[in-house]
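Here's the letter readout for the chains.
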Amino acid sequence: MPDILIVGGGFAGMWAAAGAARLLRAHDASPTVALLTPDPDLTIRPRLYEADPAAYRVPLDRVLGPIGVPRIAATATGIDTARRVVTADGPEGPSELPYRRLVLATGSALVRPRFPGADLLHDIDTRDAAVALERHLQALPDAPAGPGRFTVVVAGAGFTGVEAAAELAGRLRAVAAPRGMADEVEVVLVERDTVVGRGLGEAARPVIERALDELGVVRRLGVTIERVDERAVHLSDGSAIPSRTTVWTAGVRASGLTAQLPAERDGLGRLAVDGWLRVRGLPEVYAAGDTAAAPAEDGHTVTQSCQHATPQGKFAGHNAAADLLGLDRAPFATDPYTTCLDLGGAGAVLTSGWDRALREVPVAYAKARKRAINESWIYPPVDDAEEILRRAYFRVGQRRPMPEPTG
Ligand SMILES: Cc1cc2nc3c(=O)[nH]c(=O)nc-3n(C[C@H](O)[C@H](O)[C@H](O)COP(=O)(O)OP(=O)(O)OC[C@H]3O[C@@H](n4cnc5c(N)ncnc54)[C@H](O)[C@@H]3O)c2cc1C
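Everything numeric here is computed off the predicted structure, so don't read it as measured data.

**Looking at the UniProt feature "domain: FAD/NAD(P)-binding" (unreviewed entry) in the protein chain**
Turning to step 1, where the next piece is worked out: Cross-referencing UniProt, the feature "domain: FAD/NAD(P)-binding" (unreviewed entry) maps to residues 3–313 in the present numbering.
Turning to step 2, where the next piece is worked out: The span residues 3–313 shows a helical share of 23% and a strand share of 26%, and its end C-alpha atoms are spaced 17 Å apart.

Structural data, given as structure tokens:
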């Protein structure tokens, strides 16, 4: 049985494994680490709005194998902190896994609405869902002609909704144009709020609005979806949008496993953790990534983002191992907060700081950064133990160099 059990194979869990393995190796120490997840792959979730979602994955064994961390293929079903045991369901049935230190990194999940027709909704929260949406889009040219065949409604104009709407404008045209159906393409962004992307900051909004105009994305603001059927989306103002495709993006919550711990949680279901990412009141349990409400710089709390999940994983793994070795733990710290929002064929927009100040850079530069993030920076190294362990060491302020702007 492992001394350190990491539950979840996303950004936080994978980097927690590397963070723990790095410290244990540096001290030539005997405690062992294992990672429990049902999925053999790391899903590159931030890319799931793009056109080829089946490809956005990295085999976990190519990261964990070289650093000597076994992967246990199972789903955690319960956590008993009194007994220090995780229960799991795997191919061989239920099992119990004792631990000395636990890192909970089971991420988050989209909250699906309950209105009539909600079972018809698509989403891009998981790789399977994003692949199902892509298959559906590819089949549209062969669907019976009629109103709304190439209309996609995107529900929610937050970060994910705006990126999805902007990208879908191009993806739909790529599907429809070869069959001479490009004129039918329409993307409609439906948002309960009266503005697009309120949480993305006032300064970025004009850039986002201009991009959506350029892409022809229609906005229906100040309304909610009341029901969906095979032919239309029905809104709270009594109107209906003919459409056969709705992509739901609104509302994400921490993994339900967080509710199994006798610990404080925030409104997103995230566990309250201390400055070492230890769950408050549970000294043997760490939480990282979308399951943890960790303190970020200047009194802020981390966002549910890859940007924050990655360093949290590194610190949580390091600290769980340091605990066992009787070494000082490292106080969690992260790089200053930034955002990089993809605007599809209209570029991208960068902000910096928690007040989301607009970075006045050429659109091509912002887009080059988004491509670098999505295609390179967030990918772990594979098959190379030294490089994986080197990257598991998080130094604040030492981001990789920016790519040169192109175009
Ligand atoms: C469309 C989209 C776009 C995004 N864009 C951005 C962006 O631009 N920038 C950004 O920083 N972030 C972005 N994010 C958010 C980012 O992807 C998440 O915050 C990040 O993946 C969180 O990492 P995590 O390791 O906490 O969780 P996840 O990556 O969700 O990983 C959770 C892991 O836990 C496993 N797991 C779940 N339940 C169990 C269980 N019961 N037992 C065992 N294992 C379990 C899962 O299989 C998975 O391996 C985006 C997300 C989406 C969906």
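After that view of the structure, there is still more to cover.
**Some words on the sheet that holds strand E8 (residues 93–98)**
Turning to step 1, where the next piece is worked out: With antiparallel pairing, three strands are arranged side by side in an open sheet as E6-E7-E8. Each edge of the open sheet is held by one strand with a lone partner, namely strand E6 (75–80) and E8. Looking at each pair of strands side by side, their axes are set apart by 25 degrees on average, direction ignored.
Turning to step 2, where the next piece is worked out: Note that strand E7 (residues 85–90) and E8 share six bridges and pair antiparallel. Its bridge partner lying in E8, aspartate 89 is registered against proline 94.

**Focus: the domain arrangement of the protein chain**
Turning to step 1, where the next piece is worked out: Domain boundaries in the protein chain define domain 1 (4–109 + 252–336) and domain 2 (112–248).
Turning to step 2, where the next piece is worked out: Listed by partner, the interface residues are 14 residues for domain 1 and eleven residues for domain 2.
Turning to step 3, where the next piece is worked out: A combined buried area of about 1,100 Å² lies between domain 1 and domain 2, and 54% of that area is made up of carbon and sulfur atoms.
Turning to step 4, where the next piece is worked out: For the domain 1 face of the interface with domain 2, the top three residues by lost area are Leu48, Tyr49 and Pro53, together amounting to 54%.
Turning to step 5, where the next piece is worked out: The tally of links from domain 1 across to domain 2 stands at three salt bridges.
Turning to step 6, where the next piece is worked out: Residue arginine 127 pairs with aspartate 39 through a salt bridge whose shortest N-O separation is 3.6 Å.
Turning to step 7, where the next piece is worked out: Residue assignment for the side of domain 1 that touches domain 2 shows that the elements contributing at least two residues are strand E3 (41–43) and strand E10 (108–110).
Turning to step 8, where the next piece is worked out: Here the side of domain 1 that touches domain 2 is composed, by residue class, of seven nonpolar, two polar and five charged.

**Notes on the pairing of E7**
The side chains of a regular strand alternate between both faces of the sheet.
Turning to step 1, where the next piece is worked out: In the sheet, E6 pairs with E7 via five bridges, with the strands oriented antiparallel. The residue of E7 that forms the bridge with isoleucine 79 is valine 86.
Turning to step 2, where the next piece is worked out: Joining the antiparallel neighbours E6 and E7 is a turn of four residues, in which arginine 84 adopts a positive phi near 55 degrees.
Turning to step 3, where the next piece is worked out: A loop of two residues connects E7 with E8, the two strands running antiparallel in sequence.

**Describing the state of the cysteines**
Turning to step 1, where the next piece is worked out: Across all of its chains, the model carries zero disulfides by this definition.
Turning to step 2, where the next piece is worked out: The thiol of cysteine 306 is unpaired, and the distance to the nearest cysteine sulfur, on cysteine 340, comes to 12 Å.
Turning to step 3, where the next piece is worked out: Residue classification places cysteine 306 among the buried residues on the basis of a relative accessible area of 15%.
Turning to step 4, where the next piece is worked out: Since its relative accessible area comes to 9%, cysteine 340 is described here as buried.

**Regarding the side chain of threonine 246**
Turning to step 1, where the next piece is worked out: Looking at the element boundaries, threonine 246 is found in strand E17 (residues 245–248).
Turning to step 2, where the next piece is worked out: Among the residues examined, threonine 246 registers a relative accessible area of 3% and is labelled buried.
Turning to step 3, where the next piece is worked out: If we ignore the near neighbours within four places in the chain, the residues touching threonine 246 are Leu121, His122, Val153, Ile225, Val228 and Val233.

**So, the sheet that holds strand E24 (residues 357–358)**
Turning to step 1, where the next piece is worked out: The three strands lie next to each other as E22-E23-E24, forming an open sheet whose pairing is antiparallel. Only two strands of the sheet have a single partner each, and these edge strands are strand E22 (338–342) and E24.
Turning to step 2, where the next piece is worked out: Pairing between strand E23 (residues 348–352) and E24: two bridges, direction antiparallel. Paired with threonine 351 across the two strands is leucine 358, which belongs to E24.
Turning to step 3, where the next piece is worked out: On the sheet, helix H7 (residues 363–377) packs against E22 and E23 and is oriented at approximately 85 degrees with respect to E23.

**Details of the site of the ligand**
Turning to step 1, where the next piece is worked out: Around the ligand, the structure places 30 residues, and the nearest of them are Ala12, Arg45, Ala76, Asp290 and Cys306.
Turning to step 2, where the next piece is worked out: Contributing elements (two or more residues each) for the shell around the ligand: helix H1 (11–26), E6, helix H4 (159–176) and helix H6 (306–325).
Turning to step 3, where the next piece is worked out: Among the elements that take part in the shell around the ligand, H6 stands out by supplying three residues, more than any other.
Turning to step 4, where the next piece is worked out: Looking at side-chain class alone, the shell around the ligand contains 14 nonpolar, twelve polar and four charged residues.
Turning to step 5, where the next piece is worked out: Each of domain 1 (4–109 + 252–336) and domain 2 (112–248) accounts for three or more of the residues forming the shell around the ligand.

**Details of the nonpolar core**
Turning to step 1, where the next piece is worked out: Core analysis: the largest hydrophobic core is formed by 117 residues, its most contacted members being Ile4, Val7, Leu36, Val86, Val162, Ile208 and Leu343.
Turning to step 2, where the next piece is worked out: Here this core takes eleven residues from H1, the largest share from any one element.
Turning to step 3, where the next piece is worked out: For this core, the two domains that each supply at least three residues are domain 1 (4–109 + 252–336) and domain 2 (112–248).
Turning to step 4, where the next piece is worked out: Each residue touching isoleucine 4, except ones within four places of it in the same chain, is listed here: Ala20, Leu24, Thr32, Val33, Ala34, Arg101, Val103, Ala320, Ala321 and Leu324.
Turning to step 5, where the next piece is worked out: If you look at the next biggest cluster of nonpolar residues, it comprises 15 residues, including Val153, Val188, Val223 and Val233.

**Things to note about the packing of aromatic side chains**
Turning to step 1, where the next piece is worked out: On inspection of all chains with the given rule, the structure shows three aromatic pairs.
Turning to step 2, where the next piece is worked out: Geometrically, the ring pair formed by phenylalanine 115 and tryptophan 248 is edge-to-face, given 5.6 Å between the ring centres and 65 degrees between the ring planes. Here tryptophan 248 lies in strand E17 and phenylalanine 115 lies in the loop between E10 and helix H3 (127–139), a separation of 133 residues in the sequence. As far as the burial class goes, phenylalanine 115 and tryptophan 248 line up, both buried.
Turning to step 3, where the next piece is worked out: Measuring from centroid to centroid gives 5.4 Å for phenylalanine 315 and phenylalanine 332, while their planes differ by 90 degrees, and the two rings are edge-to-face. With phenylalanine 315 in helix H6 and phenylalanine 332 in the loop between H6 and E22, the pair connects residues that are 17 residues apart, well separated along the chain. Each member of the pair, phenylalanine 315 as well as phenylalanine 332, carries the same accessibility label: buried.
Turning to step 4, where the next piece is worked out: Note that lysine 314 overlies the ring of tryptophan 15, its terminal NZ or CZ placed 4.5 Å from the centroid.
Turning to step 5, where the next piece is worked out: In this structure, arginine 329 packs its charged tip against the face of tryptophan 276, placed 4.7 Å from the ring centre.

Definitions and cut-offs
Residues numbered from 1 in each chain as written. Predicted model: local features only at pLDDT ≥ 70, side-chain atom pairs only at ≥ 80, totals over all residues. Heavy atoms only, no water. UniProt positions renumbered as here; feature names shortened; annotations may be inferred. Helix = DSSP H or I, 4+ residues; strand = E, 2+ residues; numbered from the N terminus. Pairing = 2+ DSSP bridges. Axes fitted to C-alpha atoms, helices over the stretch in contact; angles between N-to-C directions. Domains from an automatic or database assignment. Contact = heavy atoms within 4.5 Å. Buried area = accessible area lost by both parts, 1.4 Å probe. Salt bridge = Lys/Arg side-chain N within 4 Å of Asp/Glu carboxyl O. Nonpolar A, V, L, I, M, F, W, Y, C, P; charged D, E, K, R; others polar. Disulfide = S-S within 2.5 Å. Buried < 20%, exposed > 50% of the residue type's maximum accessible area, 1.4 Å probe, protein only. Near = heavy atom within 4 Å. Core = buried A, V, L, I, M, F, W, Y, C linked by side-chain atoms within 4.5 Å. Phe/Tyr/Trp six-rings, centres within 6.5 Å; stacked < 30°, edge-to-face > 60°. Lys NZ or Arg CZ within 6 Å of the ring centre and 35° of its normal.

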